[in-house]
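These are the residues of each chain, in order.
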Amino acid sequence: MPQRTLPKFRPFPSDLPMEELAARQRRQSHAEWGLAVAALGGALPTIHVLEELQRYIDGDLSLAELARLPNAYPADKPVAEAVVRRHQLAEFQVPDANAA
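What you see is a predicted model, and the numbers here were worked out from it, not measured in a lab. Each chain has its residues counted from 1, following the order in which its sequence is written. Only residues with pLDDT of at least 70 get local features here, since the model is predicted, and only at 80 or more are side-chain atom pairs given and counted; chain-wide, interface and lining totals rely on the full set of residues. Side-chain metrics rest on all non-hydrogen atoms present in the structure, leaving aside hydrogens and water.

A. Main features of the pattern of salt bridges. Salt bridges are counted wherever a side-chain nitrogen of Lys or Arg sits within 4 Å of a carboxyl oxygen of Asp or Glu. Tallying each qualifying case throughout the model produces six salt bridges. For E20, the salt bridge goes to R24, with nearest N and O atoms at 2.7 Å. Of this pair, E20 and R24 both sit in helix α1 (residues 18–40), four residues apart, which is roughly one turn of the helix. Relative accessibility under 20% of the residue-type maximum defines a buried residue, over 50% an exposed one, and the middle range a partly exposed one, all with a 1.4 Å probe and only protein chains included. Exposure remark for E20: the relative accessible area of 26% places this residue in the partly exposed category. The shortest N-O distance in the salt bridge between K77 and E81 comes to 3.7 Å. One end of the pair is K77 and the other is E81, both in helix α4 (residues 77–91) and four residues apart, which spans about a single turn. For K77, a relative accessible area of 42% translates into the label partly exposed. A residue is classified by how much of its surface remains accessible, and E81, at 45% relative accessible area, is partly exposed. By sharing partners, the salt bridges in this structure join R10, E20, R24, R27 and D58 into a single network. Starting at the N terminus, helices and strands are each numbered in turn, a helix being any DSSP run of H or I of at least four residues and a strand any DSSP run of E of at least two.

Structure follows, in structure tokens:
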């Protein structure tokens, strides 16, 4: 059985400020995770969702806009939902048990 590889996103511009680079790296990590999770469920990404994920990585598409993507493109639902869930997991912070 041939192995699938994740699509490659555009490289980051070399002149990005450090904060923007970190934000794009985080969004790309969420996008790649979402693609991988959807692929585990058998969902192949459409060209449309890949283009929209690139916009999300670049900061041109918000997480809320990405979450609404399946309304117009139902085939993109597994990927969009997985990316949104990954973002939510990243935002969840477990309280420090040692903090008093």
